[in-house]
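Reading the structure
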Amino acid sequence: MSHFPAFTFQPLRITAHLASGFASANPWGIALDGLLASELRGVQKALLTGLGHQTVGAMDSDDPPDLRLPLARCALSPTWHWAATCSQPSHPGIRPEVHTWTARVDARHLEQTTSYLPKTVSDRQGRYKAHRMHVLVTPATSLTWQAVGDIDAISDLLDGISAIGKKRSQGEGHVLTWEVVTADVDEFTAAHCHPDGTLGRPTPIECLEAHPELRTQLGMTGLRPPTMHPSRRAQAYLPQARWAT
């Protein structure tokens, strides 16, 4: 593990106590490095915007810079990743529930934003049609991550996060409290495994050369935020889906 000099890194266990559950299309949970990067990017963007500076979205850059997260780096492979796992729900194996959200255009709002409206605005077709969409919600009272990081800096960033996952504005993924404590495991385990010892994050092939018991199905995926950027994709062993039995 390589460390930034300003941080004090140690194996950690992070727990989010939830009101009910969380919504996510990702089959292996929410990545801790993604949560921290999103919060830090939001803080930096607000600061730069307040100073009158323009910001460029990570996906709009050919080579997006890596934020200075309070996490160690695992450099066992040519494509490095942050030493942090994805979330594991309090009851692994429970299948997600299908919730539904709807949306329709507010005609009164349209009247205030245009100088002309047709006699009727159809909610069955066209650009203003109503939507009825499904979202997968995993029931859970808590989510747990492991990581190698700075306990104070991580706690400070997480304090600003009140909801995680998708459809947060509709009440999904509401976080009641965060808990960040030291973990009695070695750095490799904290960086790659769930508390139950299973593979806890997409992991490059080179990382598991000495750990064949952790090898799973291989696939192409993003290894660090922004995970959707092509430069972040690599072949990796994939964690088990959170609803698998």
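See above for the structure.
Just so we're clear, the structure is a prediction, and the values are computed from it rather than from any experiment. (Residues numbered from 1 in each chain as written. Predicted model: local features only at pLDDT ≥ 70, side-chain atom pairs only at ≥ 80, totals over all residues. Heavy atoms only, no water.)

1. Here's the deal with the packing of aromatic side chains
Enumeration over the complete set of coordinates arrives at 3 aromatic pairs. Taking 5.8 Å as the distance between ring centres and 35° as the angle between the ring planes, the aromatic pair formed by Trp145 and Trp178 counts as tilted. Of the two residues, Trp145 is situated in strand S8 (residues 142-149) and Trp178 in strand S9 (residues 175-182); the sequence distance between them amounts to 33 residues. The buried category is assigned to Trp145, whose relative accessible area is 0%. Positioned over the ring face of Trp80 is Arg73, at 4.0 Å from the centre of the ring. Its end group placed over the ring of Trp80, Arg224 keeps NZ or CZ at 4.0 Å from the ring centre. (Phe/Tyr/Trp six-rings, centres within 6.5 Å; stacked < 30°, edge-to-face > 60°. Helix = DSSP H or I, 4+ residues; strand = E, 2+ residues; numbered from the N terminus. Buried < 20%, exposed > 50% of the residue type's maximum accessible area, 1.4 Å probe, protein only. Lys NZ or Arg CZ within 6 Å of the ring centre and 35° of its normal.)

2. What about the sheet that holds S9?
Strand pairing in a sheet takes place through backbone hydrogen bonds and is either antiparallel or parallel in direction. Spatially, the 4 strands line up as an open sheet ordered S5-S8-S1-S9, and their pairing is antiparallel. Every interior strand has two partners, whereas the edge strands, strand S5 (88-89) and S9, have only one. As paired strands, strand S1 (residues 10-18) and S8 are joined by 8 bridges and run antiparallel to one another. Residue pairing across strands places Ala16 opposite Leu143, the latter belonging to S8. Its contacts with the sheet put helix H3 (residues 151-158) on S1, S8 and S9, and the angle it makes with S9 is roughly 175°. (Pairing = 2+ DSSP bridges. Contact = heavy atoms within 4.5 Å. Axes fitted to C-alpha atoms, helices over the stretch in contact; angles between N-to-C directions.)

3. Here's the deal with the environment of Ser24
When you line up the elements, Ser24 lands in the loop between strand S2 (21-23) and helix H1 (32-50). As a C-alpha pair, Ser24 and Leu12 span 12 residues in sequence and 24 Å in three-dimensional space. There is a polar contact of 3.1 Å between the side chain of Ser24 and the backbone nitrogen of Asn26. (Polar contact = N/O pair within 3.5 Å; in protein donor to acceptor, adjacent residues only side chain to side chain.)

4. Describing the sheet that holds strand S12 (residues 233-237)
A sheet is described by the order of its strands in space; here 3 strands give the open sequence S10-S12-S11, paired in antiparallel fashion. Bordering the open sheet on either side are strand S10 (203-204) and strand S11 (218-222), each of which pairs with just one other strand. Pairing between S10 and S12: 2 bridges, direction antiparallel. The residue bridging Thr203 from the neighbouring strand is Tyr237, located in S12.

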